[in-house]
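Here's the letter readout for the chains.
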Amino acid sequence: MKPWVSLIFVLASAGLAACQTTHERMLAEGYPPAFADGFEAGCSSGRQAAGALERFRKDVPRYLSDARYAGGWDDGFRQCQASEESAVLRAMSEDSWRDRQWRQHVDQAMGKALTQHRQ
């Protein structure tokens, strides 16, 4: 086999691995299916609780009867809610920085215009 064929195979495999969903990756890493199911639903719900356009998902009978599903749901909810809230805060901080930069630019321009007007 030619070396470039091996390289293409490796790159294609890496590309496919990057397309895995969190659920698929968790199963591949050995998490129990019930935990992965709960994590996926909890994650969607956590993002929704933090303000994202996601759907709240919770299989309540399963949550109450399956400890692995409940544990996955709780973990997914907490992790994804915190991640979404952090992303929102970063975006707001960036907007505030831009606002301060704009205000500084306007103030400097006004100061310059007033100085030139007096002369």
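What you see is a predicted model, and the numbers here were worked out from it, not measured in a lab.

Undergrad: Which parts of the structure should I look at to understand the overall build of the chain?
TA: Scanning the chain for helices and strands turns up five helices and zero strands. Going residue by residue from the N terminus, the α and β elements of the chain occur as α-α-α-α-α. Burial statistics for the chain: of 119 residues in total, 18% are counted as buried. Put simply, 55% of the contacts in the chain that link residues at least 6 apart link residues at least 24 apart. On the chain, roughly 8900 Å² of surface is accessible, and the fraction owed to carbon and sulfur atoms is 58%.

Undergrad: Whenever I open this one, the packing of aromatic side chains confuses me. Can you help?
TA: The geometry of two aromatic rings is summed up by the distance between their centres and the angle between their planes. For the structure on display, the rule yields four aromatic pairs. Taking 6.0 Å as the distance between ring centres and 65 degrees as the angle between the ring planes, the aromatic pair formed by Phe-56 and Trp-73 counts as edge-to-face. Taken as a pair, Phe-56 in the loop between helix H3 (33–49) and helix H4 (60–65) and Trp-73 in helix H5 (residues 67–118) lie far apart in primary sequence, 17 residues in all. What makes Phe-56 partly exposed here is its relative accessible area of 45%.

Undergrad: In this structure, what is going on with the environment of Pro-32? I would like to understand it.
TA: If you trace the backbone, Pro-32 turns up in the loop between helix H2 (22–28) and H3. For Pro-32, a relative accessible area of 25% puts it in the partly exposed group. Sequence spacing of Pro-32 and Tyr-69 is 37 residues, and the spatial spacing of their C-alpha atoms is 9.0 Å. Not counting residues up to four positions away in its chain, the partners in contact with Pro-32 are Leu-27 and Arg-68.

Calculation criteria
- Residues numbered from 1 in each chain as written.
- Predicted model: local features only at pLDDT ≥ 70, side-chain atom pairs only at ≥ 80, totals over all residues.
- Heavy atoms only, no water.
- Helix = DSSP H or I, 4+ residues; strand = E, 2+ residues; numbered from the N terminus.
- Buried < 20%, exposed > 50% of the residue type's maximum accessible area, 1.4 Å probe, protein only.
- Contact = heavy atoms within 4.5 Å.
- Areas by Shrake-Rupley, 256 points an atom, 1.4 Å probe, with all protein chains shown as cover.
- Phe/Tyr/Trp six-rings, centres within 6.5 Å; stacked < 30°, edge-to-face > 60°.

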